[in-house]
Amino acid sequence: MPRILLIEDDAAVRRGVQLALRHQGHDVRAAACGEEGLEQVRSFRPDAVVLDLMLPGLSGLDVCRRIREREQVGIVMMTAKGDSIDVIVGLEAGADDYVVKPVQARVLDARIRAVLRRLDAPGPGTVRPRVETHGELEIDRAGLLVRRQGRPVHLAPSELRLLLALSACPGQVLSRQQLLETVWEHSYHGDIRLVDACVKRLRGKLGELGGAPRYIHTVRGFGYCFRSS
């Protein structure tokens, strides 16, 4: 049974979402503020966190960043704000996906389960060597581990899944829509901001910000391409 931590300050929303997710088969705990949520992350060890963006005291963005500093747990940001800037900032803080309130229980459940699957599947492509070497980058598809210069690179579920998808076919350009369907399992015409924000985070962790990308290259107006050198 997946363990889900809900961090939401509105008591009515918190009770409603908690009951709905339990009905969907999740083991759910809830926190009313960011500080309590961080304590629950340490004690409950959730598989995924559903995080409200607008929290009193410690903001949802700060909570997201602090979780990302130590944990690879999936994070679905839940907010009443649909403004582009709020969404982008939340995604760049480390959220794997987002939903806008009010959200149907089955939609939230689907997003959570999609996030949880990202660490279970090795990504597209045929059978490949256990450990691939791309310059100073090592990708262990079987062990779901990534190393750069011999040191582990700690990736969020969406970041790892994105890297696996892109590196499975070096030199091939994948559109943002293809990546949405593969990584986020959004079969409809989804929000490409998910892809762009995740690429930005991934580049930062691979040491690619501030210079010409070494691994993940942008194909303007279309998508992204992985190159090993």
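Scroll up for the structure.
A quick note: this is a predicted structure, and the numbers were derived from the prediction, not measured.

Reading the values: rules and limits
Residue numbering note: each chain is counted from 1, following its sequence as written. Whole-chain, interface and lining totals are the exception, using all residues; otherwise, since this is a predicted model, local features are given only for residues with pLDDT of at least 70 and side-chain atom pairs are given and counted only at 80 or more. Hydrogens and water are ignored here; the side-chain numbers use all heavy atoms of the structure. Every helix listed is a DSSP run of H or I at least four residues long, and every strand listed is a run of E at least two residues long, numbered separately from the N terminus. The globule rule is 2.2 Å times the number of residues to the power 0.38, and the radius of gyration it is compared with is taken over C-alpha atoms. Throughout this description, buried means an accessible area under 20% of the type-specific maximum (1.4 Å probe, protein chains only), exposed means over 50%, and partly exposed covers the range between. Being paired, for any two strands, means DSSP has found at least two bridges between them. Any two residues having at least one pair of non-hydrogen atoms within 4.5 Å are treated as being in contact. The axes used here are C-alpha line fits, helices contributing only the stretch in contact, and every angle between their N-to-C directions lies in the interval 0 to 180 degrees.

Enquirer: Run through the overall build of the protein, naming residues and quoting values.
Expert: When its secondary structure is counted, the protein shows eight helices and 12 strands. For the protein, the C-alpha radius of gyration of 17 Å lies close to 17 Å, the compact-globule estimate for 229 residues. With the C-alpha coordinates of the protein rotated into their principal frame, the extents come out at 50 × 35 × 30 Å. Counting only residues that meet the buried cut, the protein has 48% of its 229 residues in that class.

Enquirer: Talk me through the sheet that holds strand β6 (residues 131-134); I want residue IDs and the actual numbers.
Expert: The strand order across the open sheet built from four strands is β6-β7-β8-β9, with neighbouring strands paired in antiparallel fashion. Either end of the sheet is taken by a strand with one partner, and the two such strands are β6 and β9 (151-152). Where β6 lies against strand β7 (residues 137-140), four bridges are found, and the strand directions are antiparallel. Bridge pairing in β7 links Thr 133 to Glu 138. Strands in contact with helix α6 (residues 157-167) are β6, β7 and β8 (145-148); relative to β7, the strand with the most contacts, it is inclined by about 100°.

Enquirer: Residue-level account of unusual backbone geometry, with values.
Expert: In the segment running from Lys 101 into Pro 102, the intervening peptide bond is cis, with an omega of -5°. Inspection of the secondary structure puts Pro 102 in the loop between β5 (97-100) and α5 (105-117). Backbone geometry at Leu 144 places phi at a positive 55°, although glycine is not the residue there. Tracing the sequence through the fold places Leu 144 in the loop between β7 and β8. On the basis of relative accessibility, which here comes to 23%, the residue Leu 144 falls in the partly exposed class.

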